[in-house]
Amino acid sequence: MSIQGMYMLNTGEYTEEKIHQALRMLYTDRKNEFQTLSEAFLGKEKLNKMENWKEFVLNFCLDVEDSFKTWSNQKPPSATSPQKALTILRQIGKGKTSMNQLTHMLNISYNLSKEFKEIYRRLK
């Protein structure tokens, strides 16, 4: 498993070994949520070809949480905040027919991110 190219995970805040350990623990409990998200923006055919799909999903979830901080005025917007928000909404909104479905996916993403951070923190 590699975090190369995963910009939310590939920071000084996290170490690769602990990322994988926390991800394994999170995936054990939240396998269905990972599957739901991965099928929503990767599709089943791409999912089978991607060996680091769990890291990709986790990176996306961390991105959603970070964007929420901007949307809720907890941190100031950056120059790329509008593009980031649109990208997130387009990725997760594919095939959705209502705002409730979109909100449900955003909630799953946000909750996975928070749970990952809590597991990671407790591993210290």
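It should be emphasised that the depicted structure is a prediction, and the values quoted were computed from it without experimental measurement.

Reading guide: rules and limits
- Residues numbered from 1 in each chain as written.
- Predicted model: local features only at pLDDT ≥ 70, side-chain atom pairs only at ≥ 80, totals over all residues.
- Heavy atoms only, no water.
- Core = buried A, V, L, I, M, F, W, Y, C linked by side-chain atoms within 4.5 Å.
- Buried < 20%, exposed > 50% of the residue type's maximum accessible area, 1.4 Å probe, protein only.
- Helix = DSSP H or I, 4+ residues; strand = E, 2+ residues; numbered from the N terminus.
- Contact = heavy atoms within 4.5 Å.
- Polar contact = N/O pair within 3.5 Å; in protein donor to acceptor, adjacent residues only side chain to side chain.
- Expected span 1.5 Å × (residues − 1).
- Salt bridge = Lys/Arg side-chain N within 4 Å of Asp/Glu carboxyl O.

With that out of the way, let us pick up the nonpolar core. Counting residues in hydrophobic clusters, the biggest one holds 28 residues, and the most contacted among them are Leu 26, Phe 34, Leu 37, Val 57, Ile 92, Leu 112 and Phe 116. Contributing elements (two or more residues each) for this core: helix H1 (16-29), helix H2 (31-41), helix H4 (53-71), helix H5 (81-93) and helix H6 (99-122). Considering every element that reaches this core, the biggest residue donor is H6, with 8 residues. For Ile 92, the residues in contact, after removing those within four places along its chain, are Leu 37, Phe 60, Leu 102, Met 105, Leu 106 and Ser 109.

Our next topic: the side chain of Ser 109. Mapped onto the fold, Ser 109 is located in helix H6. Polar side-chain contacts of Ser 109 include one of 3.0 Å to the backbone oxygen of Met 105. What Ser 109 contacts, discounting residues up to four positions off in sequence, is Leu 37, Phe 60, Cys 61, Val 64 and Ile 92.

A few words on H1. In an α-helix, one turn spans 3.6 residues; hence positions three or four apart end up facing the same way. Between its terminal C-alpha atoms H1 stretches 20 Å, which fits the 20 Å expected from 14 residues at 1.5 Å a residue. Elements in contact with the buried residues of H1: H2, H4 and H6.

Another point: the pattern of salt bridges. In this structure the tally under the stated criterion is 8 salt bridges. When the shortest N-O distance is used, the salt bridge between Asp 66 and Lys 75 registers 2.7 Å. Judged by relative accessible area, which is 18%, Asp 66 ranks as buried. Two residues, Asp 66 and Lys 84, come together in a salt bridge whose shortest N-O distance is 2.7 Å. You can see Asp 66 sitting in helix H4 and its partner Lys 84 sitting in helix H5, a full 18 residues away along the chain. Shared partners join several salt bridges into a network, and the residues in it are Asp 63, Asp 66, Lys 75 and Lys 84.

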